[in-house]
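Overview (structure and organization)
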Amino acid sequence: MKVVVIGAAGTVGKAVVEQLGQRHEIVTVGSSSGQYQADIADIAQVRALFAQIGRVDAVVVAAGALHFAPLVGFTPEQFYVGLNSKLMGQVNVALVAQEYLNDGGSITLTSGIVADEPIRNGVSATMVNSAIEGFARGAAIELPRGLRINVVSPTVLEESMGSYGPFFIGFEPVPARRAALSYARSVDGAQTGQVYRAWGASA
């Protein structure tokens with residue numbers, strides 16, 4: 001299959017490319033790296049991206065920014081960071097990808113464990129990740145031509161504990177390669193409307 005991985009240079013994205021690349025042709029996309037570049041928050045750039053790439057069999061998105069801060073003092077502008085980037089960025093990809101996916105193709109989006117397990121300073125992340133999962137459930141019953149859509153919800157990654165560890169005290173991190181297996185289940189599997197939880201045993 002020909003698989004587009006958006007966010008291919010990130011910690012999750014690299015592991016997904018390595019996992020899926022064992023079986024499939026991978027097209028890498030980043031905001032400033034990869035074979036193609038696009039800001040997924042701008043649907044015009046997403047449309048231009050797929051016009052260049054052409055027909056594909058699967059699309060994976062492992063990209064999107066969030067703002068972490070205490071709710072007291074949180075501003076609408078800070079909420080818009082996650083809403084515009086991680087939420088609408090991934091929705092933009094799903095909207096455009098419908099037109100370029102071959103019959104039976106798939107879309108895999110990324111949420112995160114805080115959709116179910118909120119943390120301090122993570123209210124925007126909980127809101128955005130929950131919305132991504134809701135979007136996928138709703139889209140799954142409407143996509144035509146046997147197209148599928150799923151979400152992977154990773155917990156904090158071992159590779160990211162240096163940056164995010166203080167936010168996730170008591171959470172069991174998983175290596176990115178383990179999280180990548182959930183993306184493989186989505187791309188190579190048959191289910192739709194699912195949330196694959198790549199969590200540690202203690203989550």
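An account of the accompanying structure is given in this report. Nothing here was measured: the structure is a model prediction, and the numbers come from that model. (Residues numbered from 1 in each chain as written. Predicted model: local features only at pLDDT ≥ 70, side-chain atom pairs only at ≥ 80, totals over all residues. Heavy atoms only, no water.)

On to the overall build of the protein, then. Regarding its fold elements, the protein presents six helices and seven strands. Secondary structure elements in the protein, listed N-terminal to C-terminal, are β-α-β-β-α-β-α-β-α-β-α-α-β. A compact globule built from 203 residues would reach a C-alpha radius of gyration of about 17 Å, and the protein, at 16 Å, matches this within 12%. Counting only C-alpha atoms, the protein reaches 45 × 35 × 35 Å along its principal axes. Split into buried and exposed, the 203 residues of the protein put 50% on the buried side. In the protein, 69% of the contacts between residues at least 6 apart in sequence involve partners at least 24 apart. Only carbon and sulfur atoms are counted for the fraction: they give 52% of the accessible area of the protein, which is about 9,100 Å². Of the charged side chains in the protein, 14 are positive and 16 negative, and the gap between their average positions amounts to 3 Å. (Helix = DSSP H or I, 4+ residues; strand = E, 2+ residues; numbered from the N terminus. Rg over C-alpha atoms; globule rule 2.2 N^0.38 Å. Buried < 20%, exposed > 50% of the residue type's maximum accessible area, 1.4 Å probe, protein only. Contact = heavy atoms within 4.5 Å. Areas by Shrake-Rupley, 256 points an atom, 1.4 Å probe, with all protein chains shown as cover. Lys, Arg positive; Asp, Glu negative; His and termini not counted. Charge placed at Lys NZ, Arg CZ, Asp CG, Glu CD.)

Let's shift gears to helix α2 (residues 43-53). Along α2, the residues classified as buried are V46, L49, F50 and I53. On an axial view of α2, the arc spanned by its buried residues comes to 90°, and they lie on one face. For α2, the exposed residues lying more than 90 degrees away from the buried face are A51 and Q52. Its buried side turned inward, α2 meets β1 (2-6), β2 (25-30), β3 (36-37), β4 (56-61) and α3 (76-100). Structurally, the start of α2 carries an N-cap: the backbone nitrogen of A44 is 3.0 Å from a side-chain oxygen of D42. Just past α2, the residue G54 takes up positive phi, approximately 85°. (Arc of directions from axis to C-beta. Polar contact = N/O pair within 3.5 Å; in protein donor to acceptor, adjacent residues only side chain to side chain.)

Bringing the pairing of strand β6 (residues 148-154) into the picture now. Successive side chains on a regular strand alternate, one facing one side of the sheet and the next facing the other. The element β6 is extensively covered by neighbouring structure, given that seven of its seven residues are classed as buried. Residues of β6 alternate between two faces, with R148, N150, V152 and P154 on one and I149, V151 and S153 on the opposite face, all of them buried. When strand β5 (residues 101-110) meets β6, the two strands line up parallel, connected through five bridges. Across the sheet, residue T110 finds its bridge partner in β6, namely V152. Where β6 lies against strand β7 (residues 195-198), four bridges are found, and the strand directions are parallel. The partner of V151 across the bridge, within β7, is V195. (Pairing = 2+ DSSP bridges.)

Pairing in this open sheet of seven strands is parallel, and the strands run β3-β2-β1-β4-β5-β6-β7 from one edge to the other. Of all strands in the sheet, those bounded by a partner on one side alone are β3 and β7. In this structure, β4 lies alongside β5, joined through four bridges in parallel fashion. Bridged to V60 within β5 is T108. Sitting on the sheet, helix α1 (residues 11-20) is in contact with β1, β2 and β4, with an inclination near 170° to β1. Strands β1, β4, β5 and β6 of the sheet are contacted by α3, whose axis makes an angle of about 175° with β5. (Axes fitted to C-alpha atoms, helices over the stretch in contact; angles between N-to-C directions.)

Before going further, it helps to examine the pattern of salt bridges. Overall, the coordinates contain three salt bridges when judged by the stated rule. For D103, the salt bridge identified is with R145, shortest N-O distance 2.7 Å. One end of the pair, D103, is in strand β5; the other, R145, is in the loop between α4 (123-140) and β6, and 42 residues separate them in sequence. According to the relative accessible area criterion, D103 is exposed, its value standing at 58%. Accessibility expressed as a relative area gives 35% for R145, which makes it partly exposed. (Salt bridge = Lys/Arg side-chain N within 4 Å of Asp/Glu carboxyl O.)

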